[in-house]
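The residues making up each chain are set out below.
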Amino acid sequence: MGRANPAGPGFAAFGTTTILLSLINAGVLPMGGTAVVVPLALVFGGLTQMVVDIVEFQRGNTFEATASCSYGAFWMWYALLQLLAATRILDLAAAGPTMGAALLLWGVLTLYLWICTFRQPLVVFLIFLTLWIDYLLLGLGAFNDTPVLTHAGGWLGILCGAIALYGSFGTIINANSAKETVPLGPKLIP
């Protein structure tokens, strides 16, 4: 029996956490719902992806390890930022441009990781394509205090998270099938 593919839980952790926060960014759920996102970001989005990261490093998968480590760290950073703000250790009232710059930097990281996905299945390419544009919209929205960009980023984040959940579903189903039952798409560059 082969080794299990850690991408299933990694995609699930990323997708679920991304959708929940994106529903708030899109204006579907209230800002007060951030209190629900924080523990999910710490445990599922953060810790789970860090465990996936360790497994991917052991498997020698540089791209997957880098992505899991980076986005696990993103969720932990986000949760810590919210916790420190809620306890008034940090005051984020005037942090808009700095938050925007931070999100734009996450977008730069995601952009170069997206370029690396050209040799990954199409589902991975689509996750990173929607994610780097999502960070761009959220970053510009925060930097310029433009709610319409934040809302657009929220909607794109919902799409990104849904693609990641599909990737999780496909990875898990296909691991238990003799053939690819749920198509994850071809690689753009074989």
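Predicted model only: the values in this text are computed from it and were never measured.

What counts, and at which threshold
- Residues numbered from 1 in each chain as written.
- Predicted model: local features only at pLDDT ≥ 70, side-chain atom pairs only at ≥ 80, totals over all residues.
- Heavy atoms only, no water.
- Helix = DSSP H or I, 4+ residues; strand = E, 2+ residues; numbered from the N terminus.
- Expected span 1.5 Å × (residues − 1).
- Contact = heavy atoms within 4.5 Å.
- Axes fitted to C-alpha atoms, helices over the stretch in contact; angles between N-to-C directions.
- Parallel < 35°, antiparallel > 145°, perpendicular 65-115°, else oblique.
- Left-handed = near helix turned anticlockwise from the far one by under 90°.
- Nonpolar A, V, L, I, M, F, W, Y, C, P; charged D, E, K, R; others polar.
- Phe/Tyr/Trp six-rings, centres within 6.5 Å; stacked < 30°, edge-to-face > 60°.
- Buried < 20%, exposed > 50% of the residue type's maximum accessible area, 1.4 Å probe, protein only.

Trainee: Teacher, can you tell me more about helix α5 (residues 122-144) here?
Mentor: Given 3.6 residues to a turn, an α-helix orients residues that are three or four positions apart in the same direction. In this model, α5 (23 residues) spans 33 Å end to end at C-alpha, consistent with the 33 Å of a helix rising 1.5 Å per residue. The first or second residue beyond α5 is Asp145, which carries a positive phi of 50°.

Trainee: Explanation requested: the side chain of Thr117 in the structure shown.
Mentor: Note on placement: Thr117 falls in the loop between α4 (96-116) and α5. If we skip the residues at most four places from it in the chain, Thr117 touches Phe63, Val124, Phe125 and Phe128.

Trainee: What is the right way to look at the packing of helix α1 (residues 7-25) against helix α2 (residues 34-59) in this model?
Mentor: For the pair α1 and α2, interaxial distance at closest approach is 9 Å and the crossing angle is 155°. Compared by their axis directions, α1 and α2 come out roughly antiparallel. In the packing of α1 onto α2, the handedness of the crossing is left-handed. Across from Ala7, Pro9, Gly10, Ala12, Ala13, Phe14, Thr16, Thr17, Leu20, Leu21 and Ile24 in α1, the residues of α2 making contact are Thr34, Val36, Val37, Leu40, Ala41, Phe44, Gly45, Thr48, Gln49, Val52 and Glu56. The residue inventory of the contact of α1 with α2, partitioned by class, reads 14 nonpolar, seven polar and one charged.

Trainee: I'm lost on the packing of aromatic side chains in this one. Help?
Mentor: Each aromatic ring pair is summarised here by two numbers: the centre-to-centre distance and the angle between the ring planes. According to the stated counting rule, one finds 15 aromatic pairs in the structure shown. Note on Trp77 and Trp106: the rings are 6.5 Å apart at their centroids and 40° apart in plane angle, and the pair reads as tilted. Of this pair, Trp77 sits in helix α3 (residues 62-86) while Trp106 sits in helix α4; the two residues are 29 residues apart in sequence, bridging distant segments of the chain. Here Trp106 falls in the buried class, since its relative accessible area comes to 17%. With a centroid separation of 6.3 Å and 25° between ring planes, the pair formed by Trp106 and Tyr135 is classed as stacked. Placement of the pair is Trp106 in helix α4 and Tyr135 in helix α5, with a sequence separation of 29 residues.

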